[in-house]
Amino acid sequence: MTPESVYLPFNRDCLRGTFTPAKRGTKPPDARGHWLIVQDQNLLVVADESTPCLPQGTLPEGCAGGGEPFWLGTLDEAPCWVSVLPADAPLPAGLRRETLIPMKGTRLPDELLSLGGMAMQALHWQSTSAHCPRCGAPTTRIEGEWGKKCSRCSYEHYPHLHPCVIVLVRDGHRVLLARKSTFAPGRYALVAGFVDNGESLEGCVAREVKEEVGVDVKDITYVGSQNWPFPSQLMIGFVATYAGGDVVIDRDELEDARWFDVNALPPGPSRHSIAGYIIEHYARP
Ligand SMILES: [Zn+2]
């Protein structure tokens, strides 16, 4: 099965065309519309609604204090704004916190997770791009882009996304899963790792699998991707077929890795993550 698009939260596809990023066009004249208020990896939503929804109108009282709000884009034809609230600020009246982190059991619907993820990425970029990485002078926003340009040396840089492969290794009725010591007890996930300079995605898959669990793979096949805003990974998902070798675990990276029968899989990653998606859709032959 090869789906056309992976409708996972944090991918903009999840919003199905209802959101247009603020890259071009004129900034709205006043800060009114939908509010994405982020506090310490939580999204603030309207307190008295059982289904999480965004505050509307002007910036809610008690939400200033984290810097100037900025325009993220247009959602359902209304401006969508981002504001940050310091981690130690009291909860503003009429709002409640919902975690944006899947492994903490977020209750946010996929659309709000995707918007909240973009808000977190934009805030991360704002906080890391105020100065030129080459000469240290202040930067300014490039018209029609998210990028920044140095006011002194003209160096341009753009939001930093870090490509990371993630792979399910299959061998007939068994799959190779791995866990880190930081995972909840008993929970297993997939082998993953960052792409190196000069490396193809397929090359990275083969290297990461060999380094982390000691086996060789073949038939490396792309299955989908997910933009993961913790803080800025682009997760590129693959399946691969076992091609030989014994499981030898890299203890610096992993606590355990082993083969599981596809009919007796351990607790897996969150359904919100591409790891959960790949196991659900591709573990069984
Ligand atoms: Zn510079």
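Further up the page is the structure itself.
Residues numbered from 1 in each chain as written. Predicted model: local features only at pLDDT ≥ 70, side-chain atom pairs only at ≥ 80, totals over all residues. Heavy atoms only, no water.

Q: Help me understand the packing of aromatic side chains in this model?
A: Each aromatic ring pair is specified by the distance between its two centres and by the angle formed by the two planes. By the definition in use, this model includes seven aromatic pairs. Between the aromatic rings of W228 and F230, the centroid separation amounts to 5.1 Å while the plane-to-plane angle is 65°, which identifies the pairing as edge-to-face. Each ring, one from Y242 and one from W259, has its centre 5.2 Å from the other, and the planes form 85°; the classification is edge-to-face. Taken together, the residues Y242 in strand β15 (residues 233-244) and W259 in strand β16 (residues 256-261) connect sequence positions 17 residues apart. Among the aromatic side chains, those forming a connected cluster through ring pairs are F10, W228 and F230. Positioned over the ring face of Y7 is R16, at 3.7 Å from the centre of the ring. (Phe/Tyr/Trp six-rings, centres within 6.5 Å; stacked < 30°, edge-to-face > 60°. Helix = DSSP H or I, 4+ residues; strand = E, 2+ residues; numbered from the N terminus. Lys NZ or Arg CZ within 6 Å of the ring centre and 35° of its normal.)

Q: Which parts of the structure should I look at to understand unusual backbone geometry?
A: One can expect most non-glycine residues to show negative phi and most peptide bonds to be in trans. Here the residue pair F230 and P231 is connected by a cis peptide bond, since its omega of 0° sits within 30 degrees of zero. With respect to the helices and strands, P231 occurs in the loop between β14 (216-228) and β15. Within the chain, F10 stands out as a residue other than glycine whose phi angle is a positive 80°. Examined against the element boundaries, F10 turns out to sit in the segment before β1 (19-21). Although it is not a glycine, D219 sits at a positive phi angle of roughly 50°.

Q: Where do I start with the coordination of the zinc ion in this structure?
A: The expected angle between donors at a tetrahedral four-coordinate metal is 109.5 degrees. At an octahedral six-coordinate metal it is 90 or 180 degrees. Within the protein, the atoms that donate to the zinc ion are C132 (SG), C135 (SG), C150 (SG) and C153 (SG), at distances of 2.3 to 2.4 Å. Sequence spacing among the residues donating to the zinc ion works out to C-x2-C-x14-C-x2-C. Of the two residues, C135 is situated in the loop between α1 (110-128) and β8 (139-141) and C150 in strand β9 (residues 148-150); the sequence distance between them amounts to 15 residues. Residue classification places C150 among the buried residues on the basis of a relative accessible area of 4%. (Donors = N, O, S within 2.8 Å, 3.2 Å for Na, K, Ca; no water. Buried < 20%, exposed > 50% of the residue type's maximum accessible area, 1.4 Å probe, protein only.)

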